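Notes for the structure review
One letter stands for each residue in the lines below.
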Amino acid sequence: MMSLSHPNWIRHSSLPLSAALPKSKSEVLTETNATILYFQETKERIKKMFDKTQLSVSAYDTAWVAMVSSPNSRQAPCFPECVNWLLDNQLSDGSWGLPPHHPSLVKDALSSTLACLLALKRWGLGEQQMTKGLQFIESNFTSINDEEQHTPIGFNIIFPGMIETAIDMNLNLPLRSEDINVMLHNRDLELRRNKLEGREAYLAYVSEGMGKLQDWEMVMKYQRKNGSLFNSPSTTAAALSHLGNAGCFHYINSLVAKFGNAVPTVHPSDKYALLCMIESLERLGIDRHFSKEIRDVLEETYRCWLQGDEEIFSDADTCAMTFRILRVHGYEVSPDPLTQYAEHHFSHSFGGHLKDFSTALELFKASQFVIFPEESGLEKQMSWTNQFLKQEFSNGTTRADRFSKYFSIEVHDTLKFPFHANVERLAHRRNIEHHHVDNTRILKTSYCFSNICNADFLQLAVEDFNSCQSIHREELKHLERWVVESKLDRLKFARQKMAYCYFSAAGTSFSPELSDARISWAKNTVLTTVVDDFFDIGGSEEELANLVHLLEKWDANGSPHYCSEQVEIIFSALRNTICEITDKALAWQGRSVTHHVIEIWLDLLKSMLREAEWARNKVVPTLDEYVENGYVSMALGPTVLSTLYLIGPKVSEEVVRSPEFHNLFKLMSTCGRLINDTRTFKREYEDGKLNSVLLHMIHSGSGAMEEEAVEKIRGMIADGRRELLRLVLQEKDSVVPRACKDLFWKMVQVLHLFYMDGDGYTSADMMLNAVNALIRESISL
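Residues numbered from 1 in each chain as written. Predicted model: local features only at pLDDT ≥ 70, side-chain atom pairs only at ≥ 80, totals over all residues. Heavy atoms only, no water.

1. With respect to the overall build of the protein
For the record, the criterion: Secondary structure is summarised from DSSP: a helix means a run of H or I of at least four residues, a strand means a run of E of at least two, and numbering begins at the N terminus for each. The rule is simple: take the accessible area with a 1.4 Å probe, protein chains only, and divide by the maximum for that residue type; under 20% is buried, over 50% is exposed, in between is partly exposed. Note on contacts: a residue pair qualifies if any of its non-hydrogen atoms lie within 4.5 Å across the two residues. In these tables, accessible area is a Shrake-Rupley quantity obtained with a 1.4 Å probe, and a residue counts as shielded only by the protein chains included in the view.
Broken down by element type, the protein carries 36 helices and 2 strands. Along the first, second and third principal axes, the C-alpha atoms of the protein reach 105 × 75 × 45 Å. Going through the 781 residues of the protein one by one, you find that 56% of them count as buried. A fraction of 73% describes how many contacts in the protein between residues 6 or more apart in sequence connect residues 24 or more apart. When the accessible surface of the protein is split by element, carbon and sulfur atoms take 50% of a total near 34,100 Å².

Here it is in structure tokens:
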């Protein structure tokens, strides 16, 4: 992890409190004010980054532009300012390129340096610079055959092509003729192989290395509306030199006018850069501080999507990322443009030819949001990305950003934690710990966007995470006291899982202003665990009936009758919690929701009572009967439905009673019930309990085996999860506020994590690391 330091940066101390010197109130206040001030200053710096993307210039591409001769005289450069830039920007070691050179990017430096030498030789300038550049090539030429070095796109064609041009120009290269011959021979082999495999687009992209061997008529088929070839200044400049094409000239001329005396390696790229910036902020958990700026970018991006903007649709990474981000944010976008990146098309593209993990990863992420029924065909077409990533990653053959371990970590996390199993705050922590400020990328040469992986992002994210975490710790202490004060710890039959219960709350609703929501979520989760254990093992038939009766007679006059101390403890805790939550909800909603919250709990108790009666009477329900009752007995209603009243939006009685609201709850709870069943059916069978897996085996006419039954239930989970996500993302004709719909989905993510490798809720150690990461262990830089 990157080490950061700043004179005003206030970090959380890693020392125990006993080791720290006591501070006066004024010192604490001063430090707090300094932290707040720096927090605000950092936010303001990031907000300004939305105004303009910052893309590094490319010595390699600038050299190719500098080689273009004037239309009035072939003895003069068309863009002399680019030639002057080359003269002024040689690095101290004699090379040209993006400073500082990454140790694995020597080939990139060699390619950029040779291109610059060709440009200077073309115009007979910079004798001193050329001498130093040739010395750099001589000193580093052995890296050509170093397999540990990252190879830029097209290097094995372009670099030998430039060597051949240098020989024709009588540039005195300090290389052995045998080495040059081997390079040229290998280039010819690669050219023949690519021609046989029909990779015209790739060969067109590396045109500057082809020279006289190029079929320029074929190349011009790829010219875009802006006059460029692949938005690549080097390719376009080479075409301009050979053909004098007016569109190519317009593109290059506009670049020089926009960027001054040097050009980037790809343009335009503003939309991609801004989307990457949004994704970085979201991945780090600080996007809520920039909601207006993000919304403005998305509105403009959506407008461009509807207009068929070439910058979006001509690049696989940009197209996939745009689709995914817009759809996640509720915009109506079709995935149809992604059909051009189905497996067959991808294998013949740059990305497929080069096994480009960056493109495959973006397509895989996008495929998780191809979810509507009419998109099922495309969903299948995109399924190849999962296998591609797993196979190539396991072989260690990643091409994109191979020199950076951070990209490999991202691929690993994306495969292990797909969108439906990626608990938000845990993902933020992983991304913070693996955030890499040096976001160098590679095409034909290295480049970077300084406003994609900026140090300010990391600083803000760390401070934000630790600040929220300190609040979470205090809330957990409060909840632990509540368990004791409510006497719930006296119920020996009940699992004591307060840390896990609170973890699920803080993992989904982490921002400071949602304290009421977290407390409600955690308390209800504790109570549903207690009640579940009470109905399973802790309560007698009389006690269960007594608890249900007490809830039914909520407003009855007179003292309630408790048939046991256990019932009194449970009902008292339940009554006090319902009153506390509905009092808070009154302030948020401006109306009483007590009746609905009682109804939620009563539905749960009755569904649990029904299951207890089935077990007592040895009734074997049908799978449909079990699921219809089981989605309620999964006990997610009190946790999620009560919390919805405390997260911000007004939720009217009409919304609560709407079919959409009911479907969201039923889909979430059914997924939860079935996920639980696939992980616990063996234990429950031994305990004499039925669940969906066992019922499928019992009622299947074909006498289904265990594996077949599990696969059947997993298919039901996937179908329900897909339908739930569709409802969550759908804006048209939706009456449930998006923030509320998100809570249903976040619960599914929590459940997938809990049951990822077994029954994490029951296992003593299963979730310990996750709890510690989220609540107990601060992030230090």
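That shown, we press on.
2. A look at the packing of helix α4 (residues 106–123) against helix α6 (residues 155–168)
Packed helices, taken two at a time, are described by their axes: the angle between them and the distance between them. Definition in use: The convention used is that axes are lines fitted to C-alpha atoms, helices contributing only their stretch in contact, and that angles between N-to-C directions extend from 0 to 180 degrees. Small angles under 35 degrees read as roughly parallel and large ones over 145 as roughly antiparallel, with 65 to 115 read as roughly perpendicular and the rest as oblique. Note on convention: the crossing is left-handed when the near helix lies turned anticlockwise from the far helix by less than a right angle, right-handed when the turn is clockwise. Side-chain classes follow a simple rule in which Ala, Val, Leu, Ile, Met, Phe, Trp, Tyr, Cys and Pro form the nonpolar group, Asp, Glu, Lys and Arg form the charged group, and the remainder, Gly included, forms the polar group.
Where α4 meets α6, the axes come as close as 10 Å, and the angle between the chain directions of the two elements is 30°. Between α4 and α6, the angle is such that the two are roughly parallel. Crossing of α4 over α6 shows left-handed handedness. Touching Lys-107, Leu-110, Ser-111, Leu-114, Ala-115 and Leu-118 of α4 are Phe-155, Phe-159, Met-162, Ile-163, Thr-165 and Ala-166, all from α6. A class-by-class count of the residues in the contact of α4 with α6 yields 9 nonpolar, 2 polar and 1 charged.

3. Digging into helix α11 (residues 246–259)
Inclusion rule: Helix span, as expected, comes to 1.5 Å for every residue beyond the first. An arc is given here, and it is the one of the directions from the helix axis to the C-beta atoms. Polar contacts, as used here, are pairs of N or O atoms within 3.5 Å; protein pairs need one atom able to donate a hydrogen and one able to accept it. Residues neighboring in sequence count only if both atoms are side-chain atoms.
In a regular helix each residue adds 1.5 Å, so 14 residues correspond to 20 Å; α11 covers 20 Å between its end C-alpha atoms and thus fits that length. Taken residue by residue, α11 has Cys-248, Tyr-251, Ile-252, Leu-255 and Val-256 as its buried positions. Taken around the axis of α11, the buried residues stretch over an arc of 130°, which confines them to a single face. Residues of α11 that are exposed and point more than 90 degrees away from the buried face comprise Ala-246, His-250, Ala-257 and Lys-258. Turning to α11, the residues buried within the fold contact α2 (59–66), α3 (80–88) and α10 (233–243). Here α11 starts with a cap whose side-chain oxygen sits 2.8 Å from the backbone nitrogen of Gly-247, and that cap is Asn-245. Among the residues trailing α11, Gly-260 stands out with phi positive, at a value near 95°.

4. Remarks on the packing of aromatic side chains
What counts is decided by this rule: Classification of ring pairs uses Phe, Tyr and Trp, with its six-membered ring standing for Trp, and accepts pairs whose centres are within 6.5 Å; under 30 degrees between planes counts as stacked, over 60 as edge-to-face, and the remaining range as tilted.
Evaluation of the coordinates by the stated rule reveals 20 aromatic pairs. Measuring from ring centre to ring centre gives 5.7 Å for Trp-384 and Phe-388, while their planes differ by 80°; the resulting arrangement is edge-to-face. Of this pair, Trp-384 and Phe-388 both sit in helix α20 (residues 384–394), 4 residues apart, which is roughly one turn of that helix. The residues Trp-384 and Phe-388 share a single accessibility class, namely buried. When the centroid spacing of 6.1 Å and the interplanar angle of 55° are considered together, the rings of Phe-503 and Phe-754 count as tilted.

5. What about the confidence of the model for the protein?
Just so we agree on the cut-off: Per-residue confidence from the predictor is given as pLDDT, running between 0 and 100.
On average, residues of the protein carry a pLDDT of 89, and 91% of them reach 70 or more. Predicted confidence is poor over residues 1–21, with pLDDT under 50, and the contacts of this stretch with residues over four places away or in other chains come to 28 contacts. Of the regions scoring below 50 in pLDDT, residues 398–402 engages in 20 contacts with residues more than four places distant in sequence or in other chains.

6. Here's the deal with the state of the cysteines
For the record, the criterion: For the purposes of this analysis, a disulfide is any pair of cysteine sulfur atoms at a distance within 2.5 Å.
For the structure shown, the criterion picks out 0 disulfides. Cys-82 provides the cysteine sulfur closest to Cys-116, a residue in no disulfide bond, and the two sulfurs are 11 Å apart. For Cys-740, which is in no disulfide, the shortest distance to another cysteine sulfur is to Cys-671 and amounts to 19 Å. A relative accessible area of 1% places Cys-740 in the buried class.

7. Considerations on a nonpolar patch on the surface
This is how the line gets drawn: For patch building, the residue pool is restricted to those with more than 30% relative accessible area and no salt bridge; the joining distance is 9 Å between like charges and 5 Å between nonpolar side chains (Val, Leu, Ile, Met, Phe, Trp, Tyr). Think of a salt bridge as a Lys or Arg side-chain nitrogen and an Asp or Glu carboxyl oxygen that are within 4 Å of each other.
A cluster of nonpolar side chains, namely Val-620, Leu-690 and Ile-698, defines an oily patch on the protein surface of about 230 Å² accessible area. Position of Val-620 among the secondary structure elements: in the loop between α28 (594–617) and α29 (623–633).

8. Points about unusual backbone geometry
Across the junction of Pro-99 and Pro-100, the peptide omega takes the value -15°, indicating a cis bond. Structurally, Pro-100 is set in the loop between α3 and α4. Look at the link from His-267 to Pro-268: it is a cis peptide, with omega at 5°. In this fold, Pro-268 is placed in the loop between α11 and α12 (270–283). For Asn-231, which is not glycine, the phi torsion reads 55° and is therefore positive.

9. Some points on α4
Under the 1.5 Å per step criterion, the end-to-end length of α4 is 26 Å for 18 residues, consistent within 8% with the ideal 26 Å. Within α4, 16 of the 18 residues are buried, which leaves it mostly tucked inside the rest of the structure. Backbone geometry just downstream of α4 places Gly-124 in the positive-phi region, at approximately 65°.

10. Let's talk about the packing of helix α24 (residues 498–506) against helix α35 (residues 738–754)
Where α24 meets α35, the axes come as close as 10 Å, and the angle between the chain directions of the two elements is 135°. By the angle between their axes, α24 is oblique relative to α35. At the point where α24 passes α35, the crossing takes the right-handed sense. In this structure, α24 contributes Tyr-500, Phe-503 and Ser-504 to the contact, and α35 contributes Val-750, Leu-753 and Phe-754.

11. Here's the deal with the pattern of salt bridges
Enumeration according to the criterion identifies 45 salt bridges in this entry. Arg-187 serves as the salt-bridge partner of Asp-188, at 3.6 Å between the closest nitrogen and oxygen. Note on Asp-188: relative accessible area 29%, which makes it partly exposed. A relative accessible area of 3% places Arg-187 in the buried class. A salt bridge links Lys-221 to Glu-200, with the shortest nitrogen-to-oxygen separation between them at 3.1 Å. Of this pair, Lys-221 sits in the loop between α9 (216–219) and α10 while Glu-200 sits in helix α8 (residues 200–205), and the two are 21 residues apart along the sequence.

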